[in-house]
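# Close look at the chain arrangement
Residue-level listing of the chains:
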Amino acid sequence: MISNPVITTTDNREASILVGQKIPLIVSDEAGNAITQLTTIGIMLRVTPHINSEDRITLDIHNEVSDLSSQATVQGGVIINTSESDTRVLVENGETAIIAGLIRKIDGRLETGVPLLMDIPLLGALFKHSTDTKVSRELVVFVTPSIVDDSYMQRESLTEDGEAKYTPDQFSGS
């Protein structure tokens, strides 16, 4: 999956993007009462830019990937798989920082067959089929910060390459 979101923020102000969903989980409060709490799962990116001298930008980046596990706890609870990273990078204005290494490997085995007959020692193999699956996913984040001025904020629209598009009379004073 490839995504190309664009977000604007100010110096020293956190910006975030979330692609996911909120799922209801039943948890206990301090008194032991069961309550429903919404938990967010998906892909989350939080970035706080700090503009330095010479058009350099320090970025505090937190990214997180979470999803529901196919397994459950002994009490029947839900398991949420989470991978996250926190980092600080220094980049030039318009340059790209790359964050990688959030890798998730999922191994699975599914056995199907004729009930009871597939459980017979030695002969059971004739009545069942096993499927092994191996899935590997890696999240790679490309962050390209750009210092913008007031003319950027007054743009009409963005072109496909991300450049601002202006109408000719926009700055003529009319």
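None of the values given here were measured: they were computed from a predicted structure.

Counting its secondary structure elements, the protein contains 1 helix and 8 strands. Relative to its 174 residues, the protein shows a buried fraction of 20%. The contacts of the protein with a sequence gap of at least 6 include a subset with a gap of at least 24, amounting to 49%. With an accessible surface of roughly 13000 Å², the protein has 53% of that area assigned to carbon and sulfur atoms.

It is worth spelling out the nonpolar core at this point. Core analysis: the largest hydrophobic core is formed by 13 residues, its most contacted members being Leu-59, Ile-61, Val-141 and Val-143. Elements that contribute at least two residues to this core include exactly strand S2 (34–51), strand S3 (56–72), strand S5 (97–113) and strand S6 (128–143). At 4 residues, S3 tops the list of elements feeding residues into this core. The contact partners of Ile-61, leaving out residues within four places of it in the chain, are Leu-45, Arg-46, Val-47, Ser-85, Asp-86, Thr-87, Val-89, Ile-99 and Val-143.

Structurally, Thr-58 is set in strand S3. Only 2.7 Å separates the side chain of Thr-58 from the side chain of Asn-52, close enough to count as a polar contact.

Another point: the pairing of strand S1 (residues 15–28). Walk down a regular strand and you will see the side chains alternate between the two sheet faces. Across 14 bridges, S1 lies against S2 in antiparallel orientation. Within the sheet, the bridge partner assigned to Ser-16 lies in S2 and is Arg-46. Hairpin connection between S1 and S2: a loop of 5 residues separates the two successive antiparallel strands, and Gly-32 in this loop has a positive phi of roughly 90 degrees.

On to a nonpolar patch on the surface. Side chains of Val-114, Leu-117, Ile-120, Leu-123, Leu-126 and Phe-127 sit close together on the surface and give an oily, nonpolar patch of about 510 Å² of accessible area. The residue Leu-123 is located in the loop between S5 and S6 in this model. The class for Leu-123 is partly exposed, based on a relative accessible area of 48%.

Okay, the pattern of salt bridges next. Under the counting rule described, the total for this entry stands at 6 salt bridges. Where Asp-67 meets Arg-137, a salt bridge forms, and the shortest distance between an N and an O atom there is 2.9 Å. One end of the pair, Asp-67, is in strand S3; the other, Arg-137, is in strand S6, with 70 residues separating them in the sequence. What makes Arg-137 partly exposed here is its relative accessible area of 40%.

Here we take up the side chain of Thr-48. Looking at the element boundaries, Thr-48 is found in strand S2. The contact partners of Thr-48, leaving out residues within four places of it in the chain, are Asn-12, Arg-13, Glu-14, Thr-58, Leu-59 and Asp-60.

Across the protein, the average pLDDT comes to 82, with 83% of residues at 70 or higher. Predicted confidence in the protein is weakest over strand S8 (residues 164–165), with a mean pLDDT of 52, and strongest over S2, with 90.

As a further point, take the environment of Thr-36. With respect to the helices and strands, Thr-36 occurs in strand S2. Along the backbone, Thr-36 and Leu-25 are 11 residues apart, and their C-alpha atoms lie at a distance of 5.5 Å. Other than its neighbours up to four places away in sequence, Thr-36 contacts Pro-24, Leu-25 and Ile-26.

Each value, and the rule that gives it
Residues numbered from 1 in each chain as written. Predicted model: local features only at pLDDT ≥ 70, side-chain atom pairs only at ≥ 80, totals over all residues. Heavy atoms only, no water. Helix = DSSP H or I, 4+ residues; strand = E, 2+ residues; numbered from the N terminus. Buried < 20%, exposed > 50% of the residue type's maximum accessible area, 1.4 Å probe, protein only. Contact = heavy atoms within 4.5 Å. Areas by Shrake-Rupley, 256 points an atom, 1.4 Å probe, with all protein chains shown as cover. Core = buried A, V, L, I, M, F, W, Y, C linked by side-chain atoms within 4.5 Å. Polar contact = N/O pair within 3.5 Å; in protein donor to acceptor, adjacent residues only side chain to side chain. Pairing = 2+ DSSP bridges. Patch = residues over 30% accessible without salt bridge, like charges linked within 9 Å, V, L, I, M, F, W, Y side chains within 5 Å. Salt bridge = Lys/Arg side-chain N within 4 Å of Asp/Glu carboxyl O. pLDDT = per-residue confidence, 0-100.

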